[in-house]
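# Observations on chain architecture
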Amino acid sequence: MVKNSFISVFSQKKKEESPGSVEFQVFRFTNKIRRLTSHLKLHKKDFLSQRGLRKILGKRQRLLAYLSKKNRVRYKELIGQLNIRETKTR
């Protein structure tokens, strides 16, 4: 499963980081998003899971916006590692 491969790569690279760091939280949300997306491909009418997915997407988007304002280099590195698109700027 995709989840296990991401955990092993991330945990080997940054063992000293705490679970409260922005990078770790974005990583966890990304794993949840990928898991929910694969679930919703099978269960198209699971509206509660769709709502949960939208909430998690919003949380991740806010964390990424915070990280891009505080440290642009860490932000670019993180989105490169997780293979996610850069958020649109206003």
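Residues numbered from 1 in each chain as written. Predicted model: local features only at pLDDT ≥ 70, side-chain atom pairs only at ≥ 80, totals over all residues. Heavy atoms only, no water.

Heads up, the rule is: UniProt positions are given in the numbering used here, feature names are shortened, and annotations may be inferred rather than shown by experiment.
Under the annotation held in an unreviewed UniProt entry, the chain carries the name Small ribosomal subunit protein uS15c and is attributed to Ardisia bullata. Quoted straight from UniProt, the Sequence similarities (unreviewed entry) entry for the chain says "Belongs to the universal ribosomal protein uS15 family."

### Concerning the packing of aromatic side chains
Two descriptors summarise a pair of aromatic rings, namely the distance from one centre to the other and the angle between the planes of the rings. Our working definition: Stacked, tilted and edge-to-face are the three classes assigned to paired rings of Phe, Tyr and Trp, where Trp is represented by its six-membered ring and a pair needs centres within 6.5 Å; plane angles under 30 degrees give stacked, over 60 edge-to-face, the rest tilted. Strands here mean DSSP runs of E at least two residues long; helices mean DSSP runs of H or I at least four residues long; both are numbered from the N terminus. A 1.4 Å probe rolled over the protein chains alone gives each residue an accessible area, and that area as a share of the maximum for its type sets the label: buried under 20%, exposed over 50%, partly exposed in between.
Taken as a whole and assessed by the stated rule, the structure comprises one aromatic pair. Taking the centre distance of 6.0 Å and the plane angle of 45° together, the rings of Phe24 and Phe27 count as tilted. With a gap of three residues between them, Phe24 and Phe27 both fall in helix H2 (residues 22-42), about one helical turn apart. Residue class for Phe27 comes out buried when judged on its relative accessible area of 4%.

### Here's the deal with the confidence of the model for the chain
This is how the line gets drawn: Scored from 0 to 100, pLDDT reflects the predictor's confidence in each residue.
Here the chain averages 85 in pLDDT, while 79% of its residues score no lower than 70. Within the chain, the lowest mean pLDDT, 54, falls on helix H1 (residues 2-13), and the highest, 96, falls on helix H3 (residues 47-70).

### Description of the environment of His39
Tracing the backbone through its elements, the reader meets His39 in helix H2. Between the alpha carbons of His39 and Gln50 there is a distance of 9.8 Å; along the sequence they are 11 residues apart.

### Describing the packing of H2 against helix H4 (residues 72-82)
Definition in use: To define axes, lines are fitted to C-alpha atoms, for helices over the stretch in contact only, and angles between the resulting N-to-C directions are given on a 0 to 180 degree scale. Convention used here: angles under 35 degrees read as roughly parallel, angles over 145 as roughly antiparallel, angles from 65 to 115 as roughly perpendicular, and any remaining angle as oblique. Working rule for handedness: look at the near helix, and if it is turned counterclockwise from the far one by less than a right angle, call the crossing left-handed; if clockwise, right-handed. Whether two residues are in contact is decided by their heavy atoms: any pair within 4.5 Å suffices. Throughout this entry, Asp, Glu, Lys and Arg are counted as charged residues, while Ala, Val, Leu, Ile, Met, Phe, Trp, Tyr, Cys and Pro are counted as nonpolar. The remaining residues, Gly among them, count as polar.
Direction vectors running N to C along H2 and H4 enclose 30°, while the axes themselves pass 11 Å from each other. Classified by the angle between their axes, H2 and H4 sit roughly parallel to one another. For the pair H2 and H4, the sense of crossing is right-handed. On H4, the residues touching Glu23, Val26, Phe27, Thr30 and Arg34 of H2 are Arg74, Leu78 and Leu82. Class assignment for the residues of the contact of H2 with H4 results in four nonpolar, one polar and three charged.

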